[in-house]
Structure formats: C-alpha cells, structure tokens
Amino acid sequence: MSISIRPALPADVRAINSLVEPMTHTGVLLGKDLVSYYESIQEFLVATDEQGRVIGCGALHVMWEDLAEVRTLAVHDDQRGTGLGHRLLEALLERALQLGLQRVFCLTFEVEFFARHGFEVMSESVDPELYNQLLRSLDEGIAEFLDLARVKPNTLGNTRMIKLLDRGD
C-alpha cells in the first residue's frame, strides 16, 4: 500500500476528527471542537492511502521562536504497528527543522514511542523571561509545557517530553 504524507487541507478536518475522536474516550488525546481543527489546519500533516483516505495525522504548533509542540498525533486503528506514526512524527520534526526551531515538546502517554525518536522526559526549567512571556498565552499546550496547575486535571498521567533538534551544522 502506498501512503503519502502531505499538508492538511480544510477538507480533511472531519477525517482528522474521526481519527482523534475514539482516542478521546480513552483519554489518550484531548477532544477538540471542529472549529479548533479548522483554525489550526495549517499546523497539520495528514497521511493518506491510495484511495485518498486520511489514515493518520499530526500537528506541529509553534510556541516560541525556538520551540514547538507535537500535537494530535494519531493513526487509524488498522495502521497501528505499521510505522505510520513514526513516519508522521519524522515529517513533523523535519518541518520543525525547516522552521529553524531548536526544541520540540510533547505531552504524552506514549513515552517509549517518543523516546525512540530522541525525546527525553523534561527536567529542564524554563528561563524566567520566557516563562513570563508564555504565561500570557491562553493556549492549553503552553500551559502544559509550563506545567501549570490549571491543566493538571486534564494531563494527569501524561509525561512532558522534549527533543533538542540536531540541525546538522
């Protein structure tokens, strides 16, 4: 089966939602309203099969000049174990490099998966100046990165992980 990874289109939103929605029932991913997907569609990549069916997705959300978050990484049930999640993550990391970013953050239950891609459990503290700037954001992902108490009920059991990107220079 030939699988392509491409930037998502507004026409892909309902398929993305269909991939993510079952995972919200188990608490693996947080649910979002359709409007949130439309507003952030430029952040998404999708994987499509030969028939053009969306079978995977993932987003890269820029948080700061050198920092982004991998969000909403999901694959269709029949694609689990095929390496598609790895391909999507690698494509998102490549996108981060193209944007000149140095660090990529994720909040995940899938620690081993992300560790295989060089992510490490976050132990670093956030620079006070950056912390004060990020604190102004209403974005829940930034609140997760900062480990703010207000997001704890939604993130209990998740692990904050970060990867320093190798720019190859």
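Note that this is a predicted model, so its numbers are computed, not measured.

**Side note on the overall build of the protein chain**
Within the protein chain, the secondary structure is distributed over seven helices and seven strands. The order of α-helices and β-strands along the protein chain, N terminus first, is β-α-α-β-β-β-α-β-α-β-α-α-α-β. Buried positions account for 45% of the 169 residues belonging to the protein chain. Here the contacts in the protein chain between residues at least 6 apart in sequence split such that 67% fall between residues at least 24 apart.

**Overview of the nonpolar core**
Membership of the largest hydrophobic core comes to 23 residues, with the highest contact counts inside it found for L60, V70, L73, L89, V104, F114 and F119. Residue assignment for this core shows that the elements contributing at least two residues are β2 (44–48), β3 (54–64), β4 (67–75), α3 (84–98), β5 (103–108) and α4 (111–115). When residues of this core are assigned to their parent elements, the largest contribution, six residues, is made by α3. I16, L19, I41 and V54 belong to the second largest nonpolar core, which has 15 residues in total.

**A closer look at the sheet that holds strand β6 (residues 120–121)**
Taking strand neighbours across the sheet as the criterion, the seven strands line up as β1-β2-β3-β4-β5-β7-β6 in an open arrangement whose pairing is mixed. This sheet does not close on itself; its edge strands, each paired only once, are β1 (4–7) and β6. Bridge count for β4 against β5 is three bridges, and the pairing is parallel. Its bridge partner being in β5, A68 is matched across the sheet by V104. Packing of helix α1 (residues 13–25) onto the sheet brings it into contact with β2, β3 and β4, and relative to β3 it is tilted by some 85°.

**Remarks on the pairing of β4**
Burial of β4 is extensive: nine of the nine residues sit out of reach of the surface. Here β3 pairs with β4 via seven bridges, running antiparallel. Across the sheet, L60 pairs through a bridge with V70, a residue of β4. Connecting the antiparallel pair β3 and β4 is a turn made up of two residues. Crossover handedness for the path β4 to α3 to β5: right-handed.

**Side note on the packing of aromatic side chains**
Two descriptors summarise a pair of aromatic rings, namely the distance from one centre to the other and the angle between the planes of the rings. Using the criterion set out here, one finds three aromatic pairs in the structure. For the pair Y37 and F44, a centre-to-centre distance of 5.9 Å together with 70° between the ring planes defines the contact as edge-to-face. When sorted by exposure, Y37 lands in the same class as F44, which is buried. Taking the centre distance of 5.1 Å and the plane angle of 80° together, the rings of F114 and F119 count as edge-to-face. A relative accessible area of 3% places F119 in the buried class. An aromatic cluster of three or more residues is present, and its members are F113, F114 and F119.

Criteria and cut-off values
Residues numbered from 1 in each chain as written. Predicted model: local features only at pLDDT ≥ 70, side-chain atom pairs only at ≥ 80, totals over all residues. Heavy atoms only, no water. Helix = DSSP H or I, 4+ residues; strand = E, 2+ residues; numbered from the N terminus. Buried < 20%, exposed > 50% of the residue type's maximum accessible area, 1.4 Å probe, protein only. Contact = heavy atoms within 4.5 Å. Core = buried A, V, L, I, M, F, W, Y, C linked by side-chain atoms within 4.5 Å. Pairing = 2+ DSSP bridges. Axes fitted to C-alpha atoms, helices over the stretch in contact; angles between N-to-C directions. Right-handed = clockwise from strand over helix to strand, strands pointing away. Phe/Tyr/Trp six-rings, centres within 6.5 Å; stacked < 30°, edge-to-face > 60°.

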